[in-house]
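Structural overview
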Amino acid sequence: MSKKIAVILSGCGVYDGAEIHESVITLLRLDQRGAQVQCFAPDIAQLHVINHLTGEEMPESRNVLVESARIARGDVKDIREANVEDFDALIVPGGFGAAKNLSNFAVEGAGCSVNPQVLELAEAFAEAGKPVGLICISPALAAKIYGPGVTCTIGNCADTAAALDKMGATHQECGVEDIVEDKARKLVSTPAYMLGKNISEVASGINKLVDRVLELTHEND
């Protein structure tokens, strides 16, 4: 029987939403492995909108759920509709949206908070002992989800790793092509574009993460 995986998106575009390459690679690998996927996103305004051509902030407002629909080809639901009992695992791609829309890590650093709906769903997966995959900057949410002592990676960025450690996580350095697994918590993370120089490098780590998350869903079969 194919596994059902929930994917949380945070908008559309690396600088103000979900990283598109990371999101598409995740969805592609899940489909290649025969998983059933449902995307979710919070129905909230983005922190801000960035012109991805110039890097400048734009004087407009966009909705995270509406923007996430661009990546999901319209097949995305409000995160308030997500029920942990309907899924075998959860994966969160990166992009600044994870640090700006799913949380305020980009602004508050170690003192950040996570969107209540996102946190409630992620904690439900943690409490149910179901696997979770966090990609790129999204491991910044790990300590908020699992509490002190959780092991994860964002690659080798010293400043970001220090912030994760200050939050109570145990950061482990990792290459772009590899994954870090907290076996006790069934949490898998990979650096992706925190380190990756091109889409192929990023895909190598994300594919490993997806494969491992799916393997973990079979442990109790």
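Labelled according to an unreviewed UniProt entry, the chain appears under the name Glyoxalase, originating from Pseudomonas pergaminensis. Recorded under Function (unreviewed entry), the UniProt text for the chain is reproduced unchanged: "Displays glyoxalase activity, catalyzing the conversion of glyoxal to glycolate." Comment text from UniProt for the chain, heading Catalytic activity (unreviewed entry), reads "glyoxal + H2O = glycolate + H(+)".

Turning to the environment of Leu-102, a few remarks are in order. Counting through the fold element by element, Leu-102 comes out in the loop between α3 (96-100) and α4 (105-108). Put simply, Leu-102 and Leu-141 are 39 residues apart on the chain and 8.8 Å apart in space, counted from C-alpha to C-alpha. In this structure Leu-102 touches Ile-8, Leu-9, Ser-10, Pro-42, Val-92, Gly-97, Val-114, Asn-115 and Val-118, once residues within four positions along its chain are discounted.

Okay, unusual backbone geometry next. With phi around 55°, Arg-73 is a residue other than glycine that occupies positive phi space. Topologically, Arg-73 is positioned in the loop between α2 (64-71) and β5 (76-78). Residue Arg-73 is classed as exposed on the basis of its relative accessible area of 79%. With phi around 55°, Lys-186 is a residue other than glycine that occupies positive phi space. For Lys-186, a relative accessible area of 14% translates into the label buried.

Further remarks concern the environment of Ala-143. Relative to the helices and strands, Ala-143 resides in helix α6 (residues 142-146). It is 6.2 Å that separates the C-alpha atoms of Ala-143 and Met-167, two residues lying 24 residues apart in sequence. If sequence neighbours within four positions are ignored, Ala-143 has contacts with Val-150, Met-167, Gly-168 and Ala-169.

This part covers the environment of Pro-139. For Pro-139, the position within the fold is in the loop between β7 (132-135) and α6. Through-space distance from the C-alpha of Pro-139 to that of Cys-152 is 6.4 Å; in sequence the pair is 13 residues apart. Discounting chain neighbours no more than four positions away, the residues touching Pro-139 are Leu-134, Cys-152, Thr-153, Ile-154, Leu-164 and Ser-189.

Going through the model one piece at a time under the given rule, you end up with twelve salt bridges. Residue Glu-60 pairs with Arg-62 through a salt bridge whose shortest N-O separation is 2.8 Å. Under the relative-accessibility criterion, Glu-60 is labelled partly exposed at 36%. The class of Arg-62 is partly exposed, set by a relative accessible area of 27%. Glu-219 serves as the salt-bridge partner of Lys-186, at 3.8 Å between the closest nitrogen and oxygen. Placement of the pair is Lys-186 in the loop between β10 (180-182) and β11 (187-190) and Glu-219 in the segment after α8 (199-217), with a sequence separation of 33 residues. Glu-219 sits in the partly exposed class, given a relative accessible area of 48%. The network of salt bridges with common partners includes Glu-60, Arg-62, Glu-67 and Arg-70.

Tracing the chain through its elements places His-48 in the loop between β2 (36-41) and β3 (49-50). Here His-48 falls in the buried class, since its relative accessible area comes to 18%. Separated by 2.9 Å, the side chains of His-48 and Lys-100 make a polar contact. Each residue touching His-48, except ones within four places of it in the same chain, is listed here: Tyr-15, Asp-16, Glu-57 and Lys-100.

Strand order in the open sheet formed by seven strands is β5-β2-β1-β6-β7-β11-β10, and the pairing between neighbours is mixed. Edge positions in the sheet fall to β5 and β10, since each has one partner strand and no second. Put simply, the sheet's adjacent strands are angled 25° from each other on average, direction ignored. Of the strand pairs in this sheet, β2 and β5 are connected by three bridges, and their pairing is parallel. Each residue of the ladder has a partner; that of Phe-40, found in β5, is Lys-77. Taken strand by strand, α2 contacts β2 and β5, and its axis lies near 165° from that of β5. On the sheet, α8 packs against β1 (4-8), β6 (89-92), β7, β10 and β11 and is oriented at approximately 175° with respect to β11.

Rules of the game
Residues numbered from 1 in each chain as written. Predicted model: local features only at pLDDT ≥ 70, side-chain atom pairs only at ≥ 80, totals over all residues. Heavy atoms only, no water. UniProt positions renumbered as here; feature names shortened; annotations may be inferred. Helix = DSSP H or I, 4+ residues; strand = E, 2+ residues; numbered from the N terminus. Contact = heavy atoms within 4.5 Å. Buried < 20%, exposed > 50% of the residue type's maximum accessible area, 1.4 Å probe, protein only. Salt bridge = Lys/Arg side-chain N within 4 Å of Asp/Glu carboxyl O. Polar contact = N/O pair within 3.5 Å; in protein donor to acceptor, adjacent residues only side chain to side chain. Pairing = 2+ DSSP bridges. Axes fitted to C-alpha atoms, helices over the stretch in contact; angles between N-to-C directions.

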